[in-house]
Amino acid sequence: MTQKTKLRQELRRQRRRNSAFFKVFLIIVIAAAVVYIAGCVYFSSHFYGAGTVFGIAMRGQTVDSIKEQVQDKVAEYTLTITTRDGEETVTADQIDLEYDDQGEIDQLLEEQRTLLWIFMFATTTDDHEINVTADETLLSEAVSALSCMQEENMTAPTDACLEYADGVYVIQEETYGNQLEYDTVYPVISEAVYSGENAVSLDELSCYAAPEIYQDNEDLTAECEALNNLIDIEITYDFSDRTMVVDGDVISEWIVFGDDFTYEIDEEAVADYVYEMAYETDTFGLSHSFTTTGGSEITLKGGDYGWLINQSSTTEQLLELLEAGESVTVEPEYRYSGICRDTDDIGDTYVEISISAQTMWVYVDGTCVVSTPVVTGNSARGYDTPSGGVWAVDARITDYTLSGQDYNTEVSYWLPFNGNVGIHDATWRDSFGGSIYKTNGSHGCVNTPLSAMKTVYENVQIGYPVVIY
């Protein structure tokens, strides 16, 4: 076979292949045209969009079929409302729901561009409005009558907050409650009804009142840490045989919370605490129980010996200690103080004077260092030495001149305890004790032999209690 013959055969095969391809292409084009034209014919009376009317899908449906479904759905309409406590419903009968055909669906079909039906899968899913009507008054009443809308069924939300428990501040997490407001719920239900929705969730649509502060709030966390640092201290007030401790349990009662995660110490509450501390521990001007050298139990109701807390200064002191934030042991600030801070604040160092026995004893740390007869105030002339109480030694003076209306006397030792009344030596007397005081007593002072007075002076300091009975 010649080269020319081969070439002619190849050309004939190529023509046959081109003819077959053209026939296939022509068939496809014709088929596509038929499908397109058929689609145009079909969608001239049917919707191809992906939208909805009153919740009913439009695609592939005629105007009449959609209207019929709308009528049926309106007549049987029930909206299920999901709440945090369950489900409730609003029905068409409750609100006189009706479909008033204003030609909206017909208009939608007229506006549909039939020739573009091939782009049907790119259409929007909008819900088109139609004229569905309800009695607004009945709808409002139906919403108001829902169980979830009743005040007695609602619990308000609470913010996360700080709570003191077991010696520490912790963050109490927020609660959500189930509080609803009519002005929030009504628009949601109304829109659902007119859109033909069959269900609506009040929770998902954020209808419920919500807390403003949550447990992970950074400011709340910082406040919690700061407060725990504040209460992690102990301020111990020392009263010798007992203490009063300001710890977390006490401090937490003084915290006053403000806005924007602020807090402060309630100064009035601190002052009240100091007042109670003074009430429990002050002895100045109060009764004292005392056991005499002779073993009798007596009650002393007068005098100026004892402890008296300076409440204003102690309150300031306590506030400063709280601000410093350190654990310390301190004493209160005092207006008046004694020698012993025990509950029995006379203690075992004191001066004891018995009017009836005309005797004075001086005790130091429980040991009697002086026991001496004395002469007290002249009872016949009304110069009785103050008795029935406990006084404090006000001064220690040597070589002092006592002066009065009818006397001017020098003494070697002078221990005043009640104004011009005190203990001193009386070298002008030859004898002491007995019943001398009844007719020849002093002007009120406690006359003491010089030898004994020297020992008294050496052992008695300012502030020592003087018990006279």
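Predicted model, so just to flag it, every value in this text is computed and none were measured.

S.K.: What is the right way to read the nonpolar core from this model?
M.R.: One recurring pattern in soluble globular proteins is that nonpolar side chains are buried together. In this structure, V53, F54, V70, L97, L180, I189 and L202 are the most contacted members of the largest nonpolar core, which totals 41 residues. Looking at this core, the elements with two or more residues in it are α2 (63-75), β3 (78-83), α3 (92-95), α4 (104-111), α5 (136-145) and α6 (182-195). Among the elements that line this core, the one with the most residues is α6, at six residues. If you look at the next biggest cluster of nonpolar residues, it comprises 40 residues, including Y169, V246, I255 and L300.

S.K.: What exactly am I supposed to notice about the sheet that holds strand β4 (residues 86-91) here?
M.R.: Pairing is mixed in the open sheet, where three strands are placed in the order β4-β3-β10. The outermost strands of the open sheet, each flanked by one partner alone, are β4 and β10 (199-201). Here the average twist between neighbouring strands, direction ignored, is 20°. Docked against the sheet, α6 engages β3 and β10, running at close to 145° with respect to β3.

S.K.: For this particular structure, what's the right way to read the packing of aromatic side chains?
M.R.: Aromatic rings considered in pairs are described by the distance between their centres and by the relative angle of their planes. By the definition in use, this model includes 17 aromatic pairs. Where Y176 meets Y214, the ring centres are 6.2 Å apart and the plane angle is 45°; that geometry is what we call tilted. Here Y176 is found in the loop between β9 (168-172) and α6, whereas its partner Y214 is found in the loop between β10 and α7 (218-231), with 38 residues between them in sequence. When the ring centre of Y208 is taken as reference, the NZ or CZ atom of R84 above it lies at 4.2 Å. Directly above the ring of Y457 sits R396, whose terminal nitrogen or CZ lies 4.2 Å from the centroid.

S.K.: Which parts of the structure should I look at to understand the pattern of salt bridges?
M.R.: Pairing between side chains of opposite charge can happen when the charged atoms of each approach one another. All told, the structure shown has five salt bridges when counted by the stated rule. Of the charged contacts in the structure, one is a salt bridge between R84 and D203, with a shortest N-O distance of 3.1 Å. Taken together, the residues span a long stretch of sequence, with R84 in the loop between β3 and β4 and D203 in the loop between β10 and α7 at a distance of 119 residues. Exposure remark for R84: the relative accessible area of 31% places this residue in the partly exposed category.

S.K.: Just to check I follow, could you spell out the sheet that holds strand β2 (residues 56-57) for this structure?
M.R.: Think of a sheet as strands paired side by side through backbone hydrogen bonds, with each pair either parallel or antiparallel. Across the sheet, which stays open at both edges, the three strands sit in the order β2-β1-β6 with mixed pairing between neighbours. Each edge of the sheet is formed by a strand with only one pairing partner; in this case those strands are β2 and β6 (127-128).

S.K.: What is the right way to look at the pairing of strand β12 (residues 243-246) in this model?
M.R.: Within a regular strand, side chains alternate between the sheet's two faces. Burial along β12 is one-sided: M244 and V246 are buried, while T243 and V245, pointing the other way, are not. One ladder, built from four bridges, connects strand β11 (residues 235-238) with β12; its direction is antiparallel. Residue Y237 lies in a different strand from β12, and its bridge partner there is M244.

S.K.: What exactly am I supposed to notice about helix α10 (residues 311-324) here?
M.R.: Three- or four-residue spacings in an α-helix give side chains the same orientation, since the helix completes a turn every 3.6 residues. Given a rise of 1.5 Å per residue, 14 residues ought to cover 20 Å, and the 20 Å separating the end C-alpha atoms of α10 matches this to within 8%. Buried within α10 are the following residues: T314, T315, Q317, L318, L321 and L322. Here the buried residues of α10 occupy an arc of 160° about the axis, which is enough to place them on one side. Away from its buried face by more than 90 degrees, α10 exposes E320, E323 and A324. Positive phi shows up at G325, right after α10, with a value of about 70°.

Analysis parameters
Residues numbered from 1 in each chain as written. Predicted model: local features only at pLDDT ≥ 70, side-chain atom pairs only at ≥ 80, totals over all residues. Heavy atoms only, no water. Core = buried A, V, L, I, M, F, W, Y, C linked by side-chain atoms within 4.5 Å. Buried < 20%, exposed > 50% of the residue type's maximum accessible area, 1.4 Å probe, protein only. Helix = DSSP H or I, 4+ residues; strand = E, 2+ residues; numbered from the N terminus. Pairing = 2+ DSSP bridges. Axes fitted to C-alpha atoms, helices over the stretch in contact; angles between N-to-C directions. Contact = heavy atoms within 4.5 Å. Phe/Tyr/Trp six-rings, centres within 6.5 Å; stacked < 30°, edge-to-face > 60°. Lys NZ or Arg CZ within 6 Å of the ring centre and 35° of its normal. Salt bridge = Lys/Arg side-chain N within 4 Å of Asp/Glu carboxyl O. Expected span 1.5 Å × (residues − 1). Arc of directions from axis to C-beta.

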